[in-house]
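Listed below, chain by chain, are the residues.
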Amino acid sequence: MTTLTLAKAMNLGLRKAMEDDPKVLIMGEDIGKLGGVFRVTDGLQKDFGEDRVIDTPLAESGIIGTAIGLAIRGYRPVCEIQFDGFVFPAADQIITQLAKMPLRSLGKLKLPVVVRIPCGGGIGAVEHHSESPEAYFTHTAGLRVVACSNPVDAYTMIQQAVRSDDPVIFFEPKRRYWDKAEVDTSSAPDTWHPFDTGRVVRQGADLTMLAYGPMVKTALEAANAAAEEGRSIEVVDLRSLNPVDMPLVTESVRKTGRCVIVHEAPVYSGLGGELAARITEQCFYNLEAPVLRVGGFSTPYPPSRLEEHYLPDLDRVLDAVDRAFGY
Amino acid sequence: MTADVSRGAQSPPELVQLLTPEGERIEHPDYDIDLTAEELRGLYRDLVLVRRIDLEAVALQRQGELGLWASLLGQEAAQVGSGRALTDADMAFPTYREHGVAWCRKVDPVQLLGMFRGVNHGGWDPVEHNFHLYTIVIGSQTLHAVGYAMGIQRDGAESAAIAYFGDGATSQGDVNEAFIWASVFNAPVVFFCQNNQWAISEPLEKQTRIPLYRRAAGFGFPGVRVDGNDVLACLAVTRKALADARSGQGPSMIEAFTYRMGAHTTSDDPTRYRVADELESWKLKDPIERVKAYLAKSGIADQSYFDAIDAEADELGRDLRRRCLAMPDPQPMAMFDHVYAEPHALVAEEREQYAAYLNSFEEGAR
């Protein structure tokens, strides 16, 4: 066991993936000597060379487009998009090419490309540096979408993403990059939690709280606070956003009868809406209350001095818990 | 408002040509080609057969057997010339109009029809033929070609990639990013632009105010304009560009100056935006007639050879028609295939639900 920040766990996971498979490449802006703006790729170019850790021109569509070409040639590129708000120049290549090419080829082509996106707010950043664009990608068939919430998952999930033969959009909670946890870097891959499944991170009996990425920590804090009032909240870290581990979700909701979904992205047309609909369809007779959602507002992400009002925090999550118990 | 093209004006563009529209063989100081009689006859055969495939596909669309077809009429020489310059190990990334290149890469013509008939989104094995799937989003494939070329570099292989695109695509960000990537990584890729003068209804001057091949210089690699209706010149110029790429000299751009003699696709009506005289003037530069004239004048082929090729073309057309009509419609559940390479719970669930829904009708009928 080693104590690692989430960023360092990502770094070690990427290093392991590169050691395990010489076809794994890393590409992005400022990922070489600088080690990425969050230092996730720190030291990798020094050890693996410029041909495998590629500082690219400053153009996101070019990063994904050339990664697709490299994947057709047999490589497994891991692309870094520097910030969430900068993925949109690459959206065309991701949506029209990366997601659809395996089907277009009737399965003859596989595109094992990972697109890493630091996401979410809470770091006092300027515009376009705090967004949560996951719903654009969960809506696109052909992509797997995952979000890690802690150093252990960061270390294992990035390696699972690299090993996947499907394109993976990999969200990293940027305000949790510096959170620490014990990580067993000697664990065998077959002991890891399966890639496309969620996990119950806190057992509870009265309400299920669904979260992913940066909001898992917030959800756990809310569950602890609620426990002081005698409410037993089960927290599920979804981890995989497409596909979602619905058997895990429905098992929990059938047990508790109440559900609150928390994400930073705007509530309207967000992933929470899809989850609420599915839970209602599948757990209708078990629900004691409507499925409630807590998330960002239908406004562009605000200037950072207002972000504490935009981002779900302990109080807003507990408010939703109160409302769920009010039915 | 239109651009004042006199600003930044340069010398008139040069055009590499080895065979005049009248069928006269001419020399060029930088590009030479020495083909056997059999190879020359082979190029003629390619041109005629490719045009026949295209003609049959247009007819099939008109009769409702294809939803759409993008005709290559007039661009046969650019495609056969560049396509025959490729070795088996080279990799081609086409748009949706490269039926002539597909022919050179030994893709069965009936496989080209699948996406236009609506039975699939691309029916051939891109790995087997080293001919990527057709790409409909304009210019996207140029980045794929560059990435593939970067893979060739990393493999230490002696091959190259070629990216096909049109004059309209040169306005796309992806094409410009592809130029930058290829340049800074010195990637073994050839950018083959078929300038057919029209991007649907928009003439070339809506895309550029300098000759397209001169854009290459700004990105730091050579560009050349070739007579795109001259199969010998297209072959010679592409061979050299590919050889340069394979030997580590980096990317280059070829502008094949040609003309889209037909509509953009079968859904288009060019009479709304261009004059008939333009088409007539380009008919005089037809890519096939000049080869035929040269072969006849030089005694490499005679009328009996031309007749034999015409007969072969007709048989190819008949065969293509027969096999197009015999193409089965896909089964409904096929749309769930190949969405993901690995098992995916959501697609599996929806597949199961839809199969049950369909089965409920069959059971009801019994």
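Residues numbered from 1 in each chain as written. Chains lettered and ligands numbered in written order. Predicted model: local features only at pLDDT ≥ 70, side-chain atom pairs only at ≥ 80, totals over all residues. Heavy atoms only, no water.

Another aspect to go through is the UniProt feature "domain: Transketolase-like pyrimidine-binding" (unreviewed entry) in chain A. Those places that UniProt annotates as "domain: Transketolase-like pyrimidine-binding" (unreviewed entry) correspond, in this numbering, to residues 4–179 of chain A. For residues 4–179 of chain A, helix accounts for 36% and strand for 18%, while the C-alpha atoms at its two ends are 8 Å apart. (UniProt positions renumbered as here; feature names shortened; annotations may be inferred. Helix = DSSP H or I, 4+ residues; strand = E, 2+ residues; numbered from the N terminus.)

Let us now look at the packing of helix H1 (residues 6–20) of chain A against helix H7 (residues 151–163) of chain A. All names here are of chain A. The geometry of H1 relative to H7 is characterised by a closest axis approach of 8 Å and an angle of 30 degrees between their N-to-C directions. When the axis of H1 is compared with that of H7, the two are roughly parallel. You can see that H1 and H7 cross each other, and the crossing is right-handed. Residue-level contacts link Leu6, Ala9, Met10, Leu12, Gly13, Leu14, Lys16, Ala17 and Asp20 of H1 to Pro151, Ala154, Tyr155, Ile158, Gln159, Val162 and Arg163 of H7. Partitioned by chemical class, the residues of the contact of H1 with H7 number 11 nonpolar, 2 polar and 3 charged. (Axes fitted to C-alpha atoms, helices over the stretch in contact; angles between N-to-C directions. Parallel < 35°, antiparallel > 145°, perpendicular 65-115°, else oblique. Left-handed = near helix turned anticlockwise from the far one by under 90°. Contact = heavy atoms within 4.5 Å. Nonpolar A, V, L, I, M, F, W, Y, C, P; charged D, E, K, R; others polar.)

Taking 1.5 Å per residue, 26 residues should reach 38 Å; helix H1 (residues 37–62) of chain B reaches 38 Å between its end C-alpha atoms and fits that length. Two residues or fewer after H1(B) comes Gly64(B), characterised by a positive phi angle close to 85 degrees. (Expected span 1.5 Å × (residues − 1).)

All right, on to the environment of Arg254(A) then. Residue and element names in this part refer to chain A. On the secondary structure map, arginine 254 appears in helix H9 (residues 246–256). For arginine 254, a relative accessible area of 41% corresponds to the partly exposed category. It is 30 Å that separates the C-alpha atoms of arginine 254 and aspartate 190, two residues lying 64 residues apart in sequence. Apart from residues lying up to four places away in sequence, arginine 254 is in contact with Gln282, Cys283 and Asn286. There is a polar contact of 2.9 Å between the side chain of arginine 254 and the backbone oxygen of glutamine 282. (Buried < 20%, exposed > 50% of the residue type's maximum accessible area, 1.4 Å probe, protein only. Polar contact = N/O pair within 3.5 Å; in protein donor to acceptor, adjacent residues only side chain to side chain.)

Glancing now at helix H2 (residues 76–83) of chain B. Among the 8 residues of H2(B), 8 are classified as buried, and the element is accordingly described as predominantly covered. The set of residues buried in H2(B) consists of Glu76(B), Ala77(B), Ala78(B), Gln79(B), Val80(B), Gly81(B), Ser82(B) and Gly83(B).

Residues and elements named next belong to chain A. In space, the 7 strands of this open sheet follow the order E3-E2-E4-E5-E7-E6-E12, with mixed pairing throughout. At either margin of the open sheet sits one strand with a lone partner, and together these are strand E3 (53–55) and strand E12 (240–242). Pairs of neighbouring strands in the sheet enclose a mean axial angle of 20 degrees, with direction left out of account. (Pairing = 2+ DSSP bridges.)

We now examine the interface of chain B and chain A. Taken together, the contact pairs 46 residues of chain B with 47 residues of chain A. Counting the surface lost from both chain B and chain A, the interface buries some 3,600 Å², and carbon and sulfur atoms represent 61% of this. Where chain B touches chain A, the interface holds 20 residue pairs in polar contact (both at pLDDT 80 or more). When contributions to the side of chain B that touches chain A are tallied by element, the ones reaching two or more residues are helix H5 (126–129), helix H6 (140–155), helix H7 (173–185) and helix H13 (345–365) of chain B. It is H6(B) that provides the largest number of residues to the side of chain B that touches chain A, a total of 11 residues. Looking at the side of chain B that touches chain A residue by residue, the class counts come to 24 nonpolar, 13 polar and 9 charged. (Buried area = accessible area lost by both parts, 1.4 Å probe.)

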